[in-house]
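Residues per chain are reported as follows:
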Amino acid sequence: MAHIPDGVLSLPVLATSGVVAAGLTLVAVKRMNYDRIPQAAVLAAAFFVASLVTVPVGPSSVHLILNGLMGVLLGWAAVPALLVALCMQAVFFGYGGLSVLGVNALNLALPALLCAWFIAPGLRAAQGRAVLYWGAAAGALGVGLTGVMVMLSLMASGPEYLPAGRVILVTYLPLLLVEAAVTAWALSFMKRVAPELLTPGENE
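**Structural notes on the overall build of the protein**
Now for step 1: Broken down by element type, the protein carries eight helices and two strands.
Now for step 2: Taken over C-alpha atoms, the radius of gyration comes to 16 Å for the protein, in line with the 17 Å a tight globule of 204 residues would show.
Now for step 3: In terms of overall dimensions, the protein has a C-alpha envelope of 45 × 35 × 30 Å along the principal axes.
Now for step 4: Of all 204 residues assigned to the protein, the portion counted as buried reaches 50%.
Now for step 5: In the protein, once contacts between residues fewer than 6 apart in sequence are set aside, the share between residues at least 24 apart is 79%.
Now for step 6: As presented, the protein carries roughly 9,300 Å² of accessible surface, and 74% of it is formed by carbon and sulfur atoms.

**Quick notes on the environment of Leu114**
Now for step 1: Along the chain, Leu114 falls in helix α5 (residues 101-118).
Now for step 2: Expressed as a C-alpha distance, the spacing of Leu114 and Leu145, which sit 31 residues apart in the sequence, is 9.4 Å.
Now for step 3: Ignoring sequence-local partners within four residues, the contact set of Leu114 consists of Ile119 and Leu145.

**Quick word on the nonpolar core**
Now for step 1: Counting 52 residues, the largest nonpolar core has Leu9, Phe47, Met70, Val72, Leu73, Leu74 and Leu187 as its most contacted members.
Now for step 2: Those elements that provide at least two residues to this core are α1 (11-31), α2 (37-50), α3 (67-74), α4 (78-93), α5, α6 (120-125), α7 (129-156) and α8 (162-193).
Now for step 3: With nine residues, α5 is the single largest residue contributor to this core.
Now for step 4: When neighbours within four sequence positions are excluded, Leu73 is seen to be in contact with Arg36, Gln39, Leu43, Leu187, Met190, Leu197 and Leu198.

**A few points about the packing of α5 against α7**
Working note: a packed helix pair is described by the angle between its axes plus the distance between those axes.
Now for step 1: Following both chains from N to C, one finds α5 and α7 inclined at 150 degrees, their axes separated by 9 Å at the closest point. Overall, the two elements α5 and α7 adopt an arrangement that is roughly antiparallel. The two elements α5 and α7 cross, and the hand of that crossing is right-handed. For the pair α5 and α7, the contacting residues are Val103, Leu106, Asn107, Leu108, Leu110, Pro111, Leu114, Cys115 and Phe118 in the first and Trp134, Ala138, Leu141, Gly142, Leu145, Thr146, Met149, Val150 and Ser153 in the second.
Now for step 2: Residues of the contact of α5 with α7, tallied by class, amount to 14 nonpolar, four polar and no charged.

**Brief notes about empty space enclosed by the protein**
Now for step 1: Inspection of the entire model under this criterion finds one cavity of 30 Å³ or more.
Now for step 2: The space that makes up the largest cavity amounts to roughly 30 Å³.
Now for step 3: For the largest cavity, the full set of lining residues is Ala21, Leu24, Thr25, Val79, Leu83, Ala105, Leu106 and Ala109.

**Examining α7**
Now for step 1: With 28 residues, α7 should reach 40 Å at 1.5 Å per residue; the first-to-last C-alpha distance of 40 Å fits that figure.
Now for step 2: The positive-phi residue at the C-terminal boundary of α7 is Gly158, with phi of around 155 degrees.

**Here's the deal with the packing of α2 against α4**
Now for step 1: Viewed as axis vectors pointing N to C, α2 and α4 meet at an angle of 40 degrees, and their least axial separation amounts to 9 Å. By the angle between their axes, α2 is oblique relative to α4. Judged by the sense of rotation from one axis to the other, the crossing of α2 with α4 is right-handed. Facing α2, whose interface residues are Ala40, Ala44, Phe47 and Phe48, α4 presents Ala81, Leu82, Ala85, Leu86, Met88, Gln89 and Phe93.
Now for step 2: Grouping the constituent residues of the contact of α2 with α4 by class yields ten nonpolar, one polar and no charged.

**Remarks on the environment of Thr25**
Now for step 1: As for its placement among the helices and strands, Thr25 is situated in helix α1.
Now for step 2: Taking the C-alpha atoms as reference points, Thr25 and Gly71, 46 residues apart in sequence, are found 14 Å from one another.
Now for step 3: The contacts of Thr25, once residues within four sequence positions are left out, are Val79 and Leu83.

**Some remarks on α3**
Now for step 1: Of all the eight residues making up α3, eight are buried; the element is thus mostly covered by neighbouring parts of the structure.
Now for step 2: Those residues of α3 that fall on the buried side of the exposure criterion are Asn67, Gly68, Leu69, Met70, Gly71, Val72, Leu73 and Leu74.
Now for step 3: Two residues or fewer after α3 comes Gly75, characterised by a positive phi angle close to 65 degrees.

Thresholds, definitions, all that
Residues numbered from 1 in each chain as written. Predicted model: local features only at pLDDT ≥ 70, side-chain atom pairs only at ≥ 80, totals over all residues. Heavy atoms only, no water. Helix = DSSP H or I, 4+ residues; strand = E, 2+ residues; numbered from the N terminus. Rg over C-alpha atoms; globule rule 2.2 N^0.38 Å. Buried < 20%, exposed > 50% of the residue type's maximum accessible area, 1.4 Å probe, protein only. Contact = heavy atoms within 4.5 Å. Areas by Shrake-Rupley, 256 points an atom, 1.4 Å probe, with all protein chains shown as cover. Core = buried A, V, L, I, M, F, W, Y, C linked by side-chain atoms within 4.5 Å. Axes fitted to C-alpha atoms, helices over the stretch in contact; angles between N-to-C directions. Parallel < 35°, antiparallel > 145°, perpendicular 65-115°, else oblique. Left-handed = near helix turned anticlockwise from the far one by under 90°. Nonpolar A, V, L, I, M, F, W, Y, C, P; charged D, E, K, R; others polar. 1 Å grid on protein atoms, 1.4 Å probe; cavity = no way out; pocket = protein on both sides within 12 Å on 5 of 7 lines; lining within 4 Å. Points joined across faces, edges and corners; volume = space filled by probe spheres on them. Expected span 1.5 Å × (residues − 1).

Read these as geometric descriptors, not functional statements.
And the structure:
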């Protein structure tokens, strides 16, 4: 699961994550390309809907995250898009919770930004099968880093959460493969029919 529920993390972790998430969002809003807003709205809605379809894996459950896809398509705009979608999930369905909104936003947004910085340039220059490889890398990196950050968030709240963190990280492995395939297909399709969607914005 990408969402850490209320009542699990310690107050220092919650406070620190909230401050960092707020700062990152301010920077993102200043640096984002506002031409990306329609795309951001569509992808935030896709993330919102995808999170409603969960698949049980061991003691936990997983769902598509799409933060790798959002990162390479939106750049900085992925940060407020993910934050809005997480806030709506917390308010309407109780996923995660408002007190852990900062933690969950960071766990999704930072991997998305890393995909934007390190995967998007190669994807834009790629042709043919290379597009699939770069797309798969974006999907896998987004999910893999989110899983690691969820585990670290739990560990930072106390050593008693280490076993749970390890179990959750393992549940991300099958999701990583599925997300890599979905992201690779989606980006390959966009590269063929609407390559302008992959064009970097002014501040990206």
